[in-house]
Each structure stands twice: as structure tokens, then as C-alpha cells.
Amino acid sequence: MVAIQAENLSKEYGTDVIFSGVRFSVQEGEKIGLIGANGSGKSTLLKILAGLEQADSGSFRTGQSLSVGYLKQEKTGTLREGEQTFSGGELARIDFDRLLSERPDILLLDEPTNHLDLDMLEWVESFVRHFSGTVITVSHDRYFLDRTVGRIFELDRGSLRTYKGNYSEYAVKRAGEEEAARRAAEKEAVERARQEAMIRHMKERGTELLAKRAASREKRLRLADRKREPVDKSLLSRSTGGGKAMKISFGDAKRSGENVLLADGLTLKVTGNSATAPTLAKNKTGFLSGHTRHGDASLCPAQDKGARQGDDSLCPANSNAEFRQRCEASERTLFEGVGFDIRRGEKICMIGKNGVGKTTLLNTIMGAQEPASGFIRLGVGVKTGYYDQHRRSLGSGTILEEIQDALPLMSDTDRRKLLGSFLFKGDMVFRDIASLSGGEKARLSLLKLIVGGANFLLLDEPTNHLDIASMEAVESALEDFDGTILAVSHDRYFLERIPSRIFELTENGLAVYPGNYEYYVDKKKGGEAAARGTGVEGPGAGRTSGTGKSGAAGSGAGMTDPGGSGSGGIALPCGTGAATSSATERRLKKQDEAAKRRRARLLSENEKAVAEKEALIENLRESLSEPSVATDAAKLKEIHENIVWNEHELEALLEEWEELMGE
């Protein structure tokens, strides 16, 4: 039975058309994923179906006696017990519990996985999969969509397209559509150029016959244009998730030392009434920076002989009595005795439950918070760049002013080109930052991070609030980045694609997994999870925490084995493959060059024959006006037949010429 039937739904805000002519049908029990770029109207459509907004035109209906439950994107759990506050994940759980208590038949979920840790994500996934009713989910979580939905609805530039299957199946089908559209557009452009070239060539010849042929061909071209099924140009500029992708590149990072970061005996605590992370200061360039106080000997206990002034180190904070006094009343230990190291070029993702201290650890690395004990030291030549998920690095002015502060020596023209590559175009650059959406603020923060020139990126949930197109642009840029990365993320697609190691942070310490998210899950499910405790690392990880010395396995962490036995390949004599490939390429190149020479020769011979035939026909026509011919009926008939015969031969030569031009 039909759960929801929509016909020609349209919505406008002022002069902006959000979507129009949207129609679809959802059967009872179906699980639908609704995707699209930020601002494409996904949340608006969901609110219309929930009865919270009215469509400007069109209608929809739900099945008889079916109730609808709606989970909005911004989680708003009620504050309890005076000043108590809740994390984003806790608020999400409160709203979910409230929604489920209503026992709806149709669930409309707007970004249900935002702010959830991995355990909660798996719970939500399991619930949606086993829910007997109908679900429509707005989500940018590609892993979640793969595991929960059977159809994808894509909102793109006001139109809705539907695809059978989960997100990965949709991505394959959409890529096929784009490739087919691209090929069709290229074929159409090549054919039109060929036809126009022939028409132009015919007109240039100046003969009556070719002028007629050119006019006839132009007429056929116009008729074909009217009859041809137009190529869907929107498919050519679509990117994953229906949004136009940013153009992101972190460029070539300045090379740091081999050892990027060393942490040992690290204990982090937070005060019980701290609802937010410590505020980070802005340095003179406008980028986030912690209070690193390079070369401040007062932060370095005498026993720490390795802490040299000016070596970009963050020294132990044991002696900072003022800091400890501020925390002694109601502090909570996040974790203690943790140690790890990070080497140049590694891409590490950190996971863990909400509230375990992941963001606090990043803040501590940046120098915005002091460790209760232990130390964190940055290596030689390391320049950090911090992406803060709460975007506290952004000011209160306009977008253009923010970039002017960050890049004072760049011209406005170049700044606007740079902003355009991050989808801030036209008058949008004059908008106040406070008026931007979460996704727009995220893009601006990423832009500031990129122009900072860091070689060690600290990323706190870098894909939050981005649409799928922007997520994939960020992931591609991070894959190409030749510096070092430590990223906190709950985005499992991101965790599959980016890391060479995974750090799992718990209240008991740190476990390290030398692989991506799939490797982590396999180890957890297979009972081979990393040992827990005071900084003990998992299988194959870099070193044993707390010693400050690298283990034998550590030197290879995150590195490839270019010639080892683990490659799984078949040994070939040195150079065999390359030699064979080179010989084949030379042979194919010679064949291609020979074909081009043959075509050029035939085309030259054809054009010479056409010119001779045209001259012959012209001479025959001129002879018709000679007095001796004009009075001789037999002679007139013979010349006329000769003209007709040569015109047929000219037609054949022109057809041959068209074929040669089309090769």
C-alpha cells in the first residue's frame, strides 16, 4: 500500500525557486534516503511532509490512519537540573527517544546521525533497518545510507530524481548517467563542428552546386536540432549528492622532520562545569592558534632535558600550579597515562565515544589546554593547522573581510577567485558570517585552513555540515596532501578512505589499529581488538606508550612495502613489462601516423578531383552559349547529358570528401 503520494510539489522563498514539480510515491515499509546539496530543499520537503510548512502548489497524501513522526536536524533536548547541559549526541538521543515514544508509522528523519558517536550510530542504523514502518531520511552519511535505505531520492536544482538501491548503487548509476551524458554531448559537439566545417567549405568554393548543397545541409542541421533529444546538461555539472563540488587542494606542504608529534604519560582532565572547550586565540594572521609559548622555560621542568627553547615543543605542564588550582574543585579525568607518536606523512583518524576527550586532546596539542600530567612535543619544522568543528576561528564580519584578514597581501580579484572555488560567488562574498549556514561556515573554515600553509593538520569532524559533493572534495584533497593528518571523525566513509592508522580513545587509554575503519571493525568483531589499559597499543601499532622510545613495528607504521613478499604479485624479469608496453605504443603510434598520412593524401586527391570536375562542368555550361552549339540540337543534348553525368560524379566526389572530413 502507498504510504506517501506526492504530486507536483513546489516551494519558493521570494524569487528563489527551491523545487518545483516534485512527484513521488513511497510504499509502506520502504526506507528512502533523501540527498542533495546544502540548500537544495531537503529539509523543506521533509517539513512539508510533516505538516510543518505548506507547499506553494501541488499536494501530497499519506496512507489512511498512518501517523507521522518528525526528527528535526537541530537537536533541542531540554535543559534539566538547573545548569546541566547535554552534548550534541545526548540531545540527539533525547529527541530520538521522544519521537519513538509517539510510535509513528512513518518516520521523517532530518540528519539523524549528526553528533552521534560510533556506538550510537550503530544503534540508530539497527533501529532504522528493523523498523517495520516507512522511513524517509535526509542524510549526508553515506555509510548510514548504504546500510539502511533501498531507494535514493536526489534533489538537484529544483527537480527530484529517484534511484533504486542504496547510496553506493546510486553513485554507480549516477556516474553512468554522467558519463553517458558527457559522451552524448561530446558526440553532438563533434558532429555539429564537422557539419559546420563542411558547410563553410562548400560556401567558400563559390559554385552554384555547392552553394545549394550548403543551404540544404544547413536546413537538415536545423531540422535535426529540433528533433534531437536534448542532452541533460544538468547531468554534466552534477557532482555526488547533487551539489557542485568545491575545488580544493592543500598544495605542497613544507617538509617537516620525520617525528611530527610525541606524547607520553598524558593525562587530561576537564572541570565539571565546563560546557564548552577552551577558547582558542587568534594570531595576527587570523588563524586559530594555541598558547604554545615557544621557548618559555617556566613551562619546562628541569627533569625534562629534551625540551629545548624554540624547538616548537609543547612542554609538560606539571609545574603550572595556577592551571591546576583552577581545576581542582570539580575536575573529571578523561584519560590518563596515554602515549603515542605520529610520523611525517601519516594520516591518522581518532575515534571514541562522545565526551571521552578527543576534541580536548586536539586543543591540548594546539596549546589551548594544559595536560594534567605528561607532555606533548611537536617535532622540528612542524606547522599546525586546526579545523575546529565549532568554527570559532571565524570572525563576525563578512566573508570577504575574513579572507582579507587572512590574506592581506592578495588582491581582491584573486581573493574572490579563491572564494569562488569554494562556492562563494558574486555578492555572496559580502554576506555576514553570522548569517551563513553550517555548511557554508564549514567551507569558509576549510578555506582558511588551506591558505594557512600547515604541514600538520588537526581536524575535528571535518565533514560535519558538508554536503556529499563537498565531503568527497575534502577527502580527495586530504588523500593528495603530502603532510601529516590527525583527524577526529565519526564519518565512516571518511574513516574507510583516509587513515593509515586508527586511534581509539577510551577512558581506559588509547588503542591503535594499523589500518582503516574496515580493519578496525574486523579486529573488534573478531575478538582481536587492541589491548586496553594505560596507553597500550593495538596489534601492529607504532610503539609502546609511556616509554618514549619507538618499537620495532613503529618505524613502518603507515608505510608501504614497495618490494616485499606481501605484494602478492608475480615476479617478472626486470624491464619485461615496460619493454613490451613501449614496443606496443611505438607500433600503435606508427599505425596512427600512417592512417593520418593516408587520409591527408586521399583528401588532397579528392579536393583536386572536385576542383577539376567543377572546372569541367563550368566549361561545359559556358559552351552552351556558343553560337555553333546554340543552333545544333544534337550538340546541345550531348553537352547537357555530359553536364548531368559530371554532376553525378561530382556528387560522389563530395560524398567521399564528407566521409574523409568526418574521419
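Up top is the structure.
> Where do I start with the overall build of the chain in this structure?
Along the backbone of the chain there are 18 helices and 20 strands. Across the chain, the fraction of contacts at a sequence separation of at least 24, relative to all contacts at a separation of at least 6, is 72%.

> For this particular structure, what's the right way to read the packing of helix 10 (residues 399–406) against helix 12 (residues 438–451)?
Between two packed helices, what matters for the description is the angle formed by their axes and the separation of those axes. Contact geometry for helix 10 and helix 12: axes closest at 11 Å, N-to-C directions at 15°. By the angle between their axes, helix 10 is roughly parallel relative to helix 12. You can see that helix 10 and helix 12 cross each other, and the crossing is right-handed. Contact with helix 10, carried on its side by Ile399, Glu402, Ile403 and Ala406, involves Leu444, Leu447 and Lys448 of helix 12 and no other residues of that element. The class makeup of the residues in the contact of helix 10 with helix 12 is five nonpolar, no polar and two charged.

> Explain the pairing of strand 15 (residues 373–378) here, please?
Two faces belong to every sheet, and in a regular strand the side chains alternate between them. Here strand 15 lies mainly inside the structure; five of its six residues are buried. By the bridge criterion, five bridges tie strand 10 (residues 259–271) to strand 15 in an arrangement that is antiparallel. Among the inter-strand pairings, Ala263 is bridged to a residue of strand 15, identified as Ile376.

> Got a minute to help me understand the environment of Ala454 in this structure?
In this fold, Ala454 is placed in the loop between helix 12 and strand 17 (456–460). Since its relative accessible area comes to 9%, Ala454 is described here as buried. A C-alpha to C-alpha distance of 8.1 Å links Ala454 and Gly483, two positions 29 residues apart in sequence. What Ala454 contacts, discounting residues up to four positions off in sequence, is Ala253, Lys383, Thr384, Gly385 and Phe481.

> Whenever I open this one, helix 10 confuses me. Can you help?
Since the α-helix turns once every 3.6 residues, residues separated by three or four places project in the same direction. Taken as a whole, helix 10 has its buried residues at Ile399, Leu400, Glu402, Ile403 and Ala406. The buried residues of helix 10 occupy an angular sector of 160° when the element is viewed end-on, so they sit on one face.

> Please explain the sheet that holds strand 5 (residues 68–71) as it appears in this structure.
Hydrogen bonding along the main chain pairs the strands of a sheet, whether they run parallel or antiparallel. Taken in spatial order, the six strands make up an open sheet running 5-6-7-3-8-9, and their pairing is mixed. For this open sheet the edge positions go to strand 5 and strand 9 (159–164), each flanked by a neighbour on one side alone. Mean inter-strand twist for the sheet, computed between neighbouring axes without regard to direction, equals 15°. Where strand 8 (residues 151–156) lies against strand 9, six bridges are found, and the strand directions are antiparallel. Note on strand 9: the bridge partner recorded for Arg151 is Lys164. Packed on one face of the sheet, helix 1 (residues 42–49) meets strand 3 (31–36), strand 5, strand 6 (106–110), strand 7 (134–138) and strand 8 and runs near 150° to strand 6.

> Just to check I follow, could you spell out helix 13 (residues 468–480) for this structure?
With 13 residues, helix 13 extends 18 Å from end C-alpha to end C-alpha; this agrees with the ideal 18 Å at 1.5 Å per step. For helix 13, the full list of buried residues reads Ile468, Ala469, Ser470, Met471, Ala473, Val474, Glu475, Ala477 and Leu478.

> Help me out: how do you make sense of the side chain of Thr267 in this one?
Positionally, Thr267 belongs in strand 10. Polar contacts involving the side chain of Thr267 include one to the main-chain amide nitrogen of Gly337, which spans 3.2 Å. Here Thr267 is in contact with Thr333, Phe335, Glu336, Gly337, Pro371, Ala372 and Ser373, once residues within four sequence places are set aside.

> Can you walk me through the nonpolar core in this structure?
In terms of nonpolar packing, the biggest core is built from 63 residues, with Ile248, Phe250, Leu419, Leu444, Leu457 and Leu478 touching the most fellow members. Those residues in contact with Ile248 that sit more than four places away from it in its chain are Phe422, Ile450, Ala473, Val474 and Ala477.

> What is the right way to look at the pairing of strand 1 (residues 2–13) in this model?
Bridge analysis of strand 1 against strand 2 (residues 16–27) gives eight bridges, and the strand direction is antiparallel. Bridging across to strand 2, Lys11 finds its partner in Phe19. Relative to strand 4 (residues 57–62), strand 1 runs antiparallel, the two sharing five bridges. The partner of Gln5 across the bridge, within strand 4, is Arg61.

> Just to check I follow, could you spell out the packing of aromatic side chains for this structure?
Aromatic rings considered in pairs are described by the distance between their centres and by the relative angle of their planes. Applying the stated rule across the entire model yields eleven aromatic pairs. Measuring from centroid to centroid gives 5.2 Å for Phe24 and Phe153, while their planes differ by 55°, and the two rings are tilted. Of this pair, Phe24 sits in strand 2 while Phe153 sits in strand 8, placing them 129 residues apart in sequence. Overall, the relative accessible area of 6% leaves Phe24 in the buried class.

> Would you mind going over the sheet that holds strand 18 (residues 484–488) with me for this structure?
On the basis of which strands lie adjacent, the open sheet formed by six strands has the order 16-17-18-14-19-20 and mixed pairing. Strands at the two margins of the open sheet, each flanked by one partner only, are strand 16 (384–387) and strand 20 (509–513). The average undirected angle you get between the axes of adjacent strands in this sheet is 15°. By the bridge criterion, four bridges tie strand 14 (residues 347–351) to strand 19 (residues 501–506) in an arrangement that is parallel. In the sheet register, Ile351 faces strand 19, and the bridge partner there is Glu504.

> It is not clear to me how unusual backbone geometry should be interpreted in this structure. Could you clarify?
Comment: phi is negative for the bulk of residues other than glycine, and the bulk of peptide bonds are trans. Look at Glu111: it is not a glycine, yet its phi comes out positive at around 50°. Here Glu111 is to be found in the loop between strand 6 and helix 3 (118–130). In this structure, Arg157 takes a positive phi of about 50° despite not being glycine. Along the chain, the position of Arg157 falls in the loop between strand 8 and strand 9. We classify Arg157 as exposed; its relative accessible area is 53%.

Conventions we followed
- Residues numbered from 1 in each chain as written.
- Predicted model: local features only at pLDDT ≥ 70, side-chain atom pairs only at ≥ 80, totals over all residues.
- Heavy atoms only, no water.
- Helix = DSSP H or I, 4+ residues; strand = E, 2+ residues; numbered from the N terminus.
- Contact = heavy atoms within 4.5 Å.
- Axes fitted to C-alpha atoms, helices over the stretch in contact; angles between N-to-C directions.
- Parallel < 35°, antiparallel > 145°, perpendicular 65-115°, else oblique.
- Left-handed = near helix turned anticlockwise from the far one by under 90°.
- Nonpolar A, V, L, I, M, F, W, Y, C, P; charged D, E, K, R; others polar.
- Buried < 20%, exposed > 50% of the residue type's maximum accessible area, 1.4 Å probe, protein only.
- Pairing = 2+ DSSP bridges.
- Arc of directions from axis to C-beta.
- Expected span 1.5 Å × (residues − 1).
- Polar contact = N/O pair within 3.5 Å; in protein donor to acceptor, adjacent residues only side chain to side chain.
- Core = buried A, V, L, I, M, F, W, Y, C linked by side-chain atoms within 4.5 Å.
- Phe/Tyr/Trp six-rings, centres within 6.5 Å; stacked < 30°, edge-to-face > 60°.

Any functional reading would require information that these geometric values do not contain.
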